[in-house]
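# Per-entry structural report
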Amino acid sequence: MPGLVSATGVLGFLADEEPELKVFALKTLNDDIDTVWTEVAGALSQIEALYEDESFPERRLAALVLAKVYFHLQAYNESMTFALAAGPLFKLDAPGEFEETIISKCVDQYIAVSSARHTPSKQSKHDIALPALATTFGSGSLDGSALISPTTPFSQSTLPSKSLLSRASVDNTILDPTFQPTKEGRSASVAQITDHGTWTSLEKSIERLFESCLKEGKYRQVVGIAVEAKNLNVLRRVIKRASEEGKLDETNAQEGAQAPAEELMDYALSICMDIVQERGLRTEILRLILDLLNDIPNPDYFAIAKCVVYLDSDQEATALLQDLLNKGDNNGIAVAYQIAFDLYDNGTQEFLTKVIDSLPSGEPPKKPEAEPAEEGAAESEPLLENQESDDDELPEEVAKVYRNIRSILNGSTTIKLNLEFLYRNNHTDLSILNKVRDSLEARNSIFHTAVTFCNAFMNAGTTHDKFFRDNLEWLGKAVNWSKFTATAALGVIHRGNISQSRKLLEPYLPKEGGVSSGSIFSQGGALYAYGLIHANHGAEALEYLRTMFNLVEEDVIQHGGALGLGIAGMACGNEQIYEELTKVLFADSALNGEAVGLAAGLIMLGTGNAKALETLFTYAHETSHEKIVRGCALGMALIMYGRQEGADSMIEGLLNDPDPTLRYGGILTVALAYCGTGSNKAVRKLLHTAVSDVNDDVRRIAVMSLGFILFRKPGSVPRMVELLAESYNPHVRYGSAMALGIACAGTGLDEAIDLLEPMMKDPTDFVRQGALIALSMIMVQQNEAMNPKVTAIRKTLKKVVGDRHEDAMTKFGASLALGILDAGGRNCTIGLQTQTGNLNMAGIVGMAVFTQYWYWFPFTHFLSLSFAPTSIIGLDHDLEMPSIKFQCATRPSLFDYPPEQEVKVEEGPALVTTAILSTTAQAKRRAQKKERAQRRESMDIDTPTVTKTPAPADDKMDVDDEKKAKVEDDTEKEEKEDKEEKGDAGADKEGSAGPDGKKKAEKEKVGYEIENMSRVLPGQLKYISFPAGRYKPVKKPTGGPILLDDTQPGEPKTLIEEKLKKVTTERAPVAGATAGAGATPRDAAQSLLSNWSARGMGGGNNIRELNELLQSTARGGDGHARSADGAGADSGSGAAAAAGVLTAVDEDNEGDVEAPAPADFDYFTDAEEDED
């Protein structure tokens, strides 16, 4: 039947009394509506009357015609409403523009309404107290809307009504219709569904859509809609259906492929962790996934562990480990060990302590030790109630496994492995460090501190403190806070060296008796260093640090003690330590107040403790010291770490405060509460503050905080700060540089480097400083094959350090940058995420506090907390390192260490070349020609004797050619000499290029083997594979410790020897026993002799050591005897040698001239001048 040309005649049937004619007219119009809709639009009222007439038999057909007409009129909400009313007549599978548009509109409407009807689950135990913050932080959030609705993280009340930032768009613009711009008429984006029938029709249509997707196996689309609509019932139903269909289809199971349900849960877990931005919704989804995973017979245990850590469910973590260990097979034990490593990487100290306390101790019992029947047994006394067999003791094999699990969970195993890795793979280039030292004047405290930081970062975690021992004279120039920083640097260098920490720092630490004759700055720095060694692992150190912190009275020592306490007790939530810190805070000392406020925040890190927040907020308003206010602001930001929308009321209260330091704290709270989420709301708030606040400090931290929010999406940051990097305000430019460094750390991102390169020539010194530091963060562990610009950047940094005309601020930044580039002996990157993709709490906190070096240089050491070793360490069931090799399917040069700097030999002053006239050259040539002729005439022909002496082919010399040519005619010889010289030069070039070219080709072969415990960069992991053999990994390698399943446990195995075990740390001389700067050579010799004799006479180098001892006495005690262990002993001897220098009390030297007192300033008015 041909299509209609005009609808006039057909429309006339709509007014007929016969229903059959009306139905005929509607069917005819429906078939050709795309061509005649313009005419039908005039008769909409008639068709709507038919639809509303309940006696009309084809109401649904009328609704479908109306839907299509409204679709062409672009009134999509009305079109969707009538399409839903059409019921089955609206074909979801019809391939047309109308159907696709209305289906899309239905999905949007369903998501908006369903998410609005979603009721959040009950709050966690920490969130229950948070609504009280609304009253604490003023009227900025009295309505409480920020807490009620997690989709609106910030109140818009403070923004101008017409501001772009005041628009009601949310992170996901269809999450909630109440936050949509409400428009009148047909252009409204989300229709207001008022009647129940329309909602029922919408649900039925969506169900039909879901069913068609599920039949085709498109589970992911349904999961995506369910998560966006916050409809967890649909999510549960889809995963269960996928599981049932997977059981029916056994082909996947036979092939060993992943089941559909498991694949779907992995997908749901990934979008939950990476895309969902609301903390409450994420918790609900993870709880659902965890319940579903537990129902599967052989679930993905690593996915369960990921959920358990985020949900902070220590009981389920304990149950998971015990279930795996109860299996009794080696594979179960290996998986349990791997999960324990993952829990340690991602969990807080408080969480891990609870898990450890819930597990059997694995220690042999004390009382029944003598009973032979209970041989090798162990008992878990504190938690017998949690064990299945209350009175039974564990067999020795099981007890050993539990001891290993506990050692992994408390961090001892990971710390020991990282320390061994950094020690044995140390590639620090000391020539760079020496260049920095020689270029910067040590008497200037900022330069001395810069070299200290450079040394600390380069050798972080390697225990290699040789630089201190070799530069005692330079170290002796440290005074006051420079001495504090230098002593604390030992903590960075020896980070993780837990077993030797007290022995290393003994001469520096304050004495428990309260009588210490050493410098208070070195004592404070020693407590800081002690905390850095035990960073985020304070179990053994907290009690000692607490004791010393409460014992000492000097502000400087308390300052160091507070920092050490905070770092070691990070996120432990210990109320008692917090109370002790606040007591010192209330003493209102500006010297230690900033550190104490920061430490209180570190102890309560991420807890959201309302009482602690109220205390710090109240005291920040009471004190008159800006440093204390800043410390309190930092502490409050740290307490809200990771709280997301739970921190909104506090953020609003701080941002509305008139004190710029507290507004600074509010912005830092945004950065830490929403770190790594990529929240659009947080980004919008930061950008608004960056261009509107009147205080430069607040604007600077607002731009810088973008890096913390977006470090999981580093590619988006350069575009965002591109215009800010060209701001007229240098503080904004500095903030944009640091934001790039934080977000793109370790990526080598070209877009970020292109933005930072012009900033290295910025007219403002601190902008250049920020650009250099940011470049080093981005370029850490990059070599020339990965990023060709790294060589030029290294040259620029060395040039800046050596430039006498450069500003001190910029030189300081360049020194830090050189240390960061080679962090941890070139074996560390800056990791704000863990290997498994979770937030690296210690790394983020370390980076956040590091940015405060702007106000206080000692905070710079915190950056070492974000240094993550880039290793792959294979472990077997006994947590031992078997000697195995991994395969890397790439070129060796791509991920190799950068080459070490060539040390140039110092040359004398270059002589000016004498000008040679052309006549002089001609005279010389004539003289040489005559001399050759005379030699030829007077020479006997003895060439055979010369040619008998064979010369190596490679050692071919021009002299041989000359001797051979002497038998030839003089004229021919002269001609040939030139040719041969040219030919030899060309041959040499070709000969050198040939072998080199072959060697280069051999090096660049794709695929090579790497040893166990080697450096593997994050970008290199995708090329790593395990060769088929005895050991198989229990999961895909992610870097760090990886458990290997031993398929031949009975066979003998070859292990890697641990080098660090051979190193013995020297006990340094006690502070005060030998004076540093003012010590006589005799005192120094006695100190060295006592150390030398204490090590015994067993070594074979006693004579050499004695010679060194005598030499050091002759040069005034600057030397130090080395132990027979060679390089291994260097790690201890640096700290020991520096003790006498750093613990010396700073005193005025003889001959020092007092600074002249300023003259009185006389102020004259104009009237007085006129009188004179």
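The present account deals with the structure reproduced in this document. (Residues numbered from 1 in each chain as written. Predicted model: local features only at pLDDT ≥ 70, side-chain atom pairs only at ≥ 80, totals over all residues. Heavy atoms only, no water.)

The next subject is the overall build of the chain. Looking only at helices and strands, the chain has 54 helices and 9 strands in total. Expressed as a percentage of the 1172 residues in the chain, the buried residues total 53%. (Helix = DSSP H or I, 4+ residues; strand = E, 2+ residues; numbered from the N terminus. Buried < 20%, exposed > 50% of the residue type's maximum accessible area, 1.4 Å probe, protein only.)

So, on to the side chain of Ser1014. Mapped onto the fold, Ser1014 is located in strand β6 (residues 1014-1015). Among the polar contacts made by the side chain of Ser1014, one reaches the main-chain carbonyl oxygen of Glu1011 at a distance of 2.7 Å. (Polar contact = N/O pair within 3.5 Å; in protein donor to acceptor, adjacent residues only side chain to side chain.)

Once that is clear, we can look at the packing of aromatic side chains. Counted according to the given criterion, the structure contains 25 aromatic pairs. Their ring planes at 35° and their centres at 5.9 Å tell us that Phe484 and Tyr528 sit as a pair that is tilted. Of the two residues, Phe484 sits in helix α26 (residues 481-493) while Tyr528 sits in helix α28 (residues 520-533), which places them 44 residues apart along the sequence. No difference in accessibility class separates Phe484 from Tyr528, as the two residues are buried. Each member of the aromatic cluster is reached from another via a ring pair, and the members are Phe453, Phe457, Phe812, Phe850, Tyr853, Phe857 and Phe867. Over the ring of Trp856 we find Lys627, and its NZ or CZ is 4.6 Å from the ring centre. For the cation-ring pair, Arg700 lies above Trp854, with the distance from its terminal atom to the ring centre recorded as 3.8 Å. (Phe/Tyr/Trp six-rings, centres within 6.5 Å; stacked < 30°, edge-to-face > 60°. Lys NZ or Arg CZ within 6 Å of the ring centre and 35° of its normal.)

Counting buried positions along strand β3 (residues 871-875) yields 5 of 5 residues, so the element is predominantly enclosed. Covered by surrounding structure in β3 are Ser871, Ile873 and Leu875 together with Ile872 and Gly874, the residues of both alternating faces. The pairing of β3 with β6 spans 2 bridges and is classified as antiparallel. Bridge pairing links Ile872 to Ser1014 in β6. Looking at chain direction, β3 and strand β9 (residues 1040-1046) are connected through 4 bridges and run parallel. The partner of Ile873 across the bridge, within β9, is Pro1041. (Pairing = 2+ DSSP bridges.)

What follows covers helix α6 (residues 76-85). Listed in full, the buried residues belonging to α6 are Asn77, Ser79, Met80, Phe82, Ala83 and Leu84. Of the residues flanking the end of α6, it is Gly87, one or two places downstream, whose phi is positive at about 65°.

Close approach of charged atoms allows side chains with opposite charge to pair. Per the stated rule, a full pass over the model turns up 31 salt bridges. Here Asp1046 ties to Arg1030 by a salt bridge, and the two come within 2.8 Å at their closest N and O atoms. Separated by 16 residues along the polypeptide, Asp1046 in strand β9 and Arg1030 in the loop between β7 (1024-1025) and β8 (1031-1033) bring together distant segments of the chain. For the pair Asp1046 and Arg1030, one class covers both residues: buried. One connected set of salt bridges, linked through shared partners, spans Lys400, Asp876, Asp878, Glu880 and Lys1053. (Salt bridge = Lys/Arg side-chain N within 4 Å of Asp/Glu carboxyl O.)

Once that is clear, we can look at the nonpolar core. Among the nonpolar cores identified, the biggest contains 304 residues, and Ile339, Ile405, Leu409, Leu581 and Phe862 are the most heavily contacted of them. Ignoring any residue separated from it by four or fewer positions in sequence, one finds Ile405 in contact with Leu321, Leu325, Ala336, Tyr337, Ala340 and Leu359. Membership of the second largest hydrophobic core comes to 13 residues, among which are Ile884, Ile1010, Tyr1031 and Ile1042. (Core = buried A, V, L, I, M, F, W, Y, C linked by side-chain atoms within 4.5 Å. Contact = heavy atoms within 4.5 Å.)

Moving on to unusual backbone geometry. One non-glycine residue, Lys230, lies in the positive phi region at around 60°. Relative to the helices and strands, Lys230 is located in the loop between α11 (219-228) and α12 (232-248).

Here we take up the sheet that holds β9. If you walk across this open sheet you meet the 4 strands as β6-β3-β9-β8, and the pairing is mixed. Pairing within the sheet leaves two strands with one partner each, and these edge strands are β6 and β8. Strands β3 and β9 of the sheet are contacted by helix α18 (residues 330-346), whose axis makes an angle of about 175° with β9. Against the sheet, helix α21 (residues 412-424) contacts β3, β6 and β9, and its axis sits at roughly 125° relative to β3. (Axes fitted to C-alpha atoms, helices over the stretch in contact; angles between N-to-C directions.)

Attention now goes to the packing of helix α23 (residues 445-458) against α26. Packed helices, taken two at a time, are described by the angle their axes make and the gap between the axes. Two numbers describe how α23 lies on α26: the axes approach to 9 Å, and their chain directions differ by 5°. Judged by the angle between their axes, α23 and α26 are roughly parallel. Note on element contacts: α26 touches α23 through Ser482, Thr485, Ala486, Ala489, Val492 and Ile493, opposite Ser445, His448, Thr449, Thr452, Phe453, Asn455 and Ala456. Looking at the contact of α23 with α26, its residues break down into 6 nonpolar, 7 polar and no charged. (Parallel < 35°, antiparallel > 145°, perpendicular 65-115°, else oblique. Nonpolar A, V, L, I, M, F, W, Y, C, P; charged D, E, K, R; others polar.)

So, on to helix α22 (residues 430-439). Within α22, the full set of buried residues consists of Ser431, Ile432, Leu433, Val436 and Arg437. Lining the buried residues of α22 we find α23, α24 (466-470), α25 (472-475), α43 (789-802), α44 (808-821) and α45 (823-826).

Here we take up empty space enclosed by the protein. With the rule as written, the count across this model stands at 4 cavities of 30 Å³ or more. Quantified by volume, the second largest cavity comes out at close to 50 Å³. In this structure, the second largest cavity is lined by Gln338, Phe341, Asp342, Asp345, Gln835, Thr836, Lys1035, Thr1038, Gly1039 and Pro1041. For the lining of the second largest cavity, the leading source of residues is α18, giving 4 residues. In terms of residue class, the lining of the second largest cavity is made up of 2 nonpolar, 5 polar and 3 charged. (1 Å grid on protein atoms, 1.4 Å probe; cavity = no way out; pocket = protein on both sides within 12 Å on 5 of 7 lines; lining within 4 Å. Points joined across faces, edges and corners; volume = space filled by probe spheres on them.)

The sheet built from 3 strands is open, its strands ordered β5-β4-β7 with antiparallel pairing. Of all strands in the sheet, those bounded by a partner on one side alone are β5 (1008-1011) and β7. The pairing of strand β4 (residues 885-888) with β7 spans 2 bridges and is classified as antiparallel. The residue of β7 that forms the bridge with Gln887 is Ser1025.

Below, the discussion takes up the packing of helix α5 (residues 59-72) against helix α7 (residues 97-117). Here α5 crosses α7 at 90°, and the two axes come no closer than 11 Å. Put simply, α5 runs roughly perpendicular to α7. Seen from α5, the contacting residues are Leu64, Ala67, Lys68 and Phe71; seen from α7, they are Glu97, Phe98 and Thr101.

Now for the pairing of β9. The element β9 is largely enclosed, with a buried count of 7 among its 7 residues. Both β8 and β9 contribute to a ladder of 3 bridges, which runs antiparallel. Residue pairing across strands places Tyr1031 opposite Asp1046, the latter belonging to β9. Counting the residues in the hairpin turn of β8 and β9 gives 6 residues, including Gly1039, whose phi is positive at 90°.

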